[in-house]
Amino acid sequence: MRKYIVAGNWKMNTTVPEGVELAKSVVEKSKELPSNVELVVAPPFTHLASVAEVLKGSKVVLSAQNCADHAKGAYTGEISADMLASVGCTYTILGHSERRQYYGETDEKLVEKMKLAFAAGLKVILCVGENLTEREEGRHFDVVKEQIVNVLYQFTAEDMANVVVAYEPVWAIGTGKTATAEQAEEIHACIRTVVCEKFGAEVAEDLTILYGGSCKPSNAVELFAQKDIDGGLIGGAALKADDFIAIALSF
Ligand code: PGA
């Protein structure tokens, strides 16, 4: 059964006390949600332990925004998948375009990170998406297909039960410029086809594919009404509990 998910990527925002307050508001308002929608929050690493306490007993699930590409050892400043699991994370986001763009995250590195995440018992929200030049040159389908093949094709059908894909066109992230529902749907459908070619129809049907990039209460209804859009990865609008919940109520 395909799961509907709305995930909040807080990025490098909020202090720990602010993050705890935001998490408390999300938990409080999440009581209005139908049970078929999973709410996920992805605060910065420093907030995870405190936010995990707030989420206890609620329906809201914890995610990290990244994990290390090594299991443990002399990697100053890095956070391992095991550490994330031990603090109560269910998910980690991997391959966000900001990590690909500013921190040199390659598909090869993502494969290593994903293996470690699965070994630690984490699920992965894998981000893919083209930049503006790639879209303008009409290469958006090829770019996204290549990201899916390079990373997901290294895994098994069993692993796919622990994968969520987030399609995030880079030109739509934090820009206020959302992909139209049609632009998003055609890429989502393409991702499902590429997954089907390798893993079969059942895995493809069950895969949750989120849209991300300036998703907000005013456009979520139209986006989520598309047959291959199963929720959202929300940046800016996830920093306001009311907006985040309004998006989750848009199914
Ligand atoms: P945005 O970010 O909603 O602020 O555009 C989405 C994301 O980067 O995950």
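Remember, predicted model here, so these are calculated numbers, not experimental data. (Residues numbered from 1 in each chain as written. Predicted model: local features only at pLDDT ≥ 70, side-chain atom pairs only at ≥ 80, totals over all residues. Heavy atoms only, no water.)

### Some points on the sheet that holds strand S6 (residues 163-167)
Moving on, step 1. Taken together, eight strands build a closed barrel; the order of strands is S1-S2-S3-S4-S5-S6-S7-S8 and the barrel is parallel. Sheet twist, expressed as the average angle between the axes of neighbouring strands with direction ignored, equals 30°.
Moving on, step 2. In terms of strand pairing, S6 meets strand S7 (residues 208-212) through four bridges, oriented parallel. The residue of S7 that forms the bridge with Val165 is Ile209. (Pairing = 2+ DSSP bridges. Helix = DSSP H or I, 4+ residues; strand = E, 2+ residues; numbered from the N terminus. Axes fitted to C-alpha atoms, helices over the stretch in contact; angles between N-to-C directions.)

### Observations concerning the side chain of Glu134
Moving on, step 1. By the secondary structure assignment, Glu134 is in helix H6 (residues 132-136).
Moving on, step 2. Discounting chain neighbours no more than four positions away, the residues touching Glu134 are Arg139, His140 and Val143. (Contact = heavy atoms within 4.5 Å.)

### Some details on the packing of helix H10 (residues 217-224) against helix H11 (residues 241-248)
Moving on, step 1. Interaxial distance between H10 and H11 falls to 8 Å at its minimum, and their mutual angle equals 20°. In terms of their interaxial angle, H10 and H11 are classed as roughly parallel. When the axes of H10 and H11 are compared, the crossing they make is right-handed. On H11, the residues that touch Pro217, Ala220 and Phe224 of H10 are Asp243, Ala246 and Ile247.
Moving on, step 2. Tallied by class, the residues present in the contact of H10 with H11 amount to five nonpolar, no polar and one charged. (Parallel < 35°, antiparallel > 145°, perpendicular 65-115°, else oblique. Left-handed = near helix turned anticlockwise from the far one by under 90°. Nonpolar A, V, L, I, M, F, W, Y, C, P; charged D, E, K, R; others polar.)

### Some details on the pairing of S6
In the case of a regular strand, side chains alternate between the two sheet surfaces.
Moving on, step 1. Here S6 lies mainly inside the structure; five of its five residues are buried.
Moving on, step 2. The alternating pattern of S6 places Val163, Val165 and Tyr167 and Val164 and Ala166 on opposite faces, both of which are buried.
Moving on, step 3. Where strand S5 (residues 123-128) lies against S6, five bridges are found, and the strand directions are parallel. If you follow Leu126 over to S6, its bridge partner there is Val165. (Buried < 20%, exposed > 50% of the residue type's maximum accessible area, 1.4 Å probe, protein only.)

### Brief notes about helix H8 (residues 181-199)
Moving on, step 1. Here H8 spans 26 Å end to end across 19 residues, near enough to the 27 Å set by a 1.5 Å rise per residue.
Moving on, step 2. Residues Ala181, Ala184, Glu185, Ile187, His188, Cys190, Ile191, Arg192, Val194, Val195 and Phe199 constitute the buried set of H8. (Expected span 1.5 Å × (residues − 1).)

### Details of the site of the ligand
Moving on, step 1. Around the ligand, a shell composed of 13 residues is seen, among which Lys11, His96, Glu168, Gly174 and Ser214 lie nearest.
Moving on, step 2. The contact in question runs from an oxygen atom of the ligand to an N or O atom on the side chain of Glu168, over 2.6 Å.
Moving on, step 3. Contact distances for the ligand include 2.6 Å between an oxygen atom and a backbone N or O atom of Gly174. (Near = heavy atom within 4 Å. Polar contact = N/O pair within 3.5 Å; in protein donor to acceptor, adjacent residues only side chain to side chain.)

### Quick word on the confidence of the model for the protein
Moving on, step 1. When the pLDDT values of the protein are averaged, the result is 97; 100% of them are 70 or greater.
Moving on, step 2. Averaged over each element, pLDDT in the protein is lowest for H6 (95) and highest for strand S4 (residues 91-94) (99). (pLDDT = per-residue confidence, 0-100.)

### Comments concerning helix H1 (residues 16-30)
Moving on, step 1. Over its 15 residues, H1 extends 21 Å from the first C-alpha to the last, a length consistent with the 21 Å expected when each residue adds 1.5 Å.
Moving on, step 2. Turning to H1, its buried residues number three or more, namely Gly19, Val20, Leu22, Ala23, Val26, Val27 and Ser30. Down the axis of H1, the sector holding all buried residues measures 165°, keeping them to one side.
Moving on, step 3. Buried residues in H1 make contact with strand S2 (37-42), helix H2 (48-55), strand S3 (60-64) and H11. (Arc of directions from axis to C-beta.)

### What about the nonpolar core?
Moving on, step 1. The biggest cluster of nonpolar side chains holds 72 residues, and the ones touching the most others in it are Ile191 and Val195.
Moving on, step 2. Ranked by residue count, the leading element in this core is H8, at eight residues.
Moving on, step 3. Counting 13 residues, the second-largest nonpolar core is a separate cluster that includes Ala7, Val40, Val61 and Leu210. (Core = buried A, V, L, I, M, F, W, Y, C linked by side-chain atoms within 4.5 Å.)

### Focus on the side chain of Asp69
Moving on, step 1. Tracing the sequence through the fold places Asp69 in the loop between S3 and helix H3 (81-86).
Moving on, step 2. Despite its burial, Asp69 pairs with no opposite charge, the nearest such side chain being Lys109 at 4.0 Å.
Moving on, step 3. Beyond its immediate chain neighbours, meaning those up to four positions away, Asp69 contacts Lys109, Glu112, Lys113 and Leu116. (Lys, Arg positive; Asp, Glu negative; His and termini not counted. Salt bridge = Lys/Arg side-chain N within 4 Å of Asp/Glu carboxyl O.)

### Examining the packing of aromatic side chains
Moving on, step 1. All chains considered together, the criterion is met by six aromatic pairs.
Moving on, step 2. For the ring pair Phe224 and Phe251, a centre distance of 4.6 Å and an interplane angle of 20° mean the geometry is stacked. Placement of Phe224 in helix H10 and of Phe251 in the segment after H11 is noted, with a sequence separation of 27 residues between them.
Moving on, step 3. Take Phe251: its relative accessible area is 39%, and that puts it in the partly exposed class.
Moving on, step 4. Through a chain of ring-to-ring contacts, three or more aromatic side chains come together here, namely Tyr4, Phe224 and Phe251. (Phe/Tyr/Trp six-rings, centres within 6.5 Å; stacked < 30°, edge-to-face > 60°.)

### With respect to the pairing of strand S1 (residues 4-9)
Moving on, step 1. Counting buried residues in S1 gives five out of six residues, a clear majority hidden from the surface.
Moving on, step 2. Where S1 meets S2, six bridges bridge the pair, whose relative direction is parallel. Bridging across to S2, Gly8 finds its partner in Val41.
Moving on, step 3. After leaving S1, the chain enters H1 and then returns to the sheet as S2, a path that is right-handed.
Moving on, step 4. Judged from the four bridges that link them, S1 and strand S8 (residues 231-234) form a sheet pairing that is parallel. Each residue of the ladder has a partner; that of Ile5, found in S8, is Gly231. (Right-handed = clockwise from strand over helix to strand, strands pointing away.)

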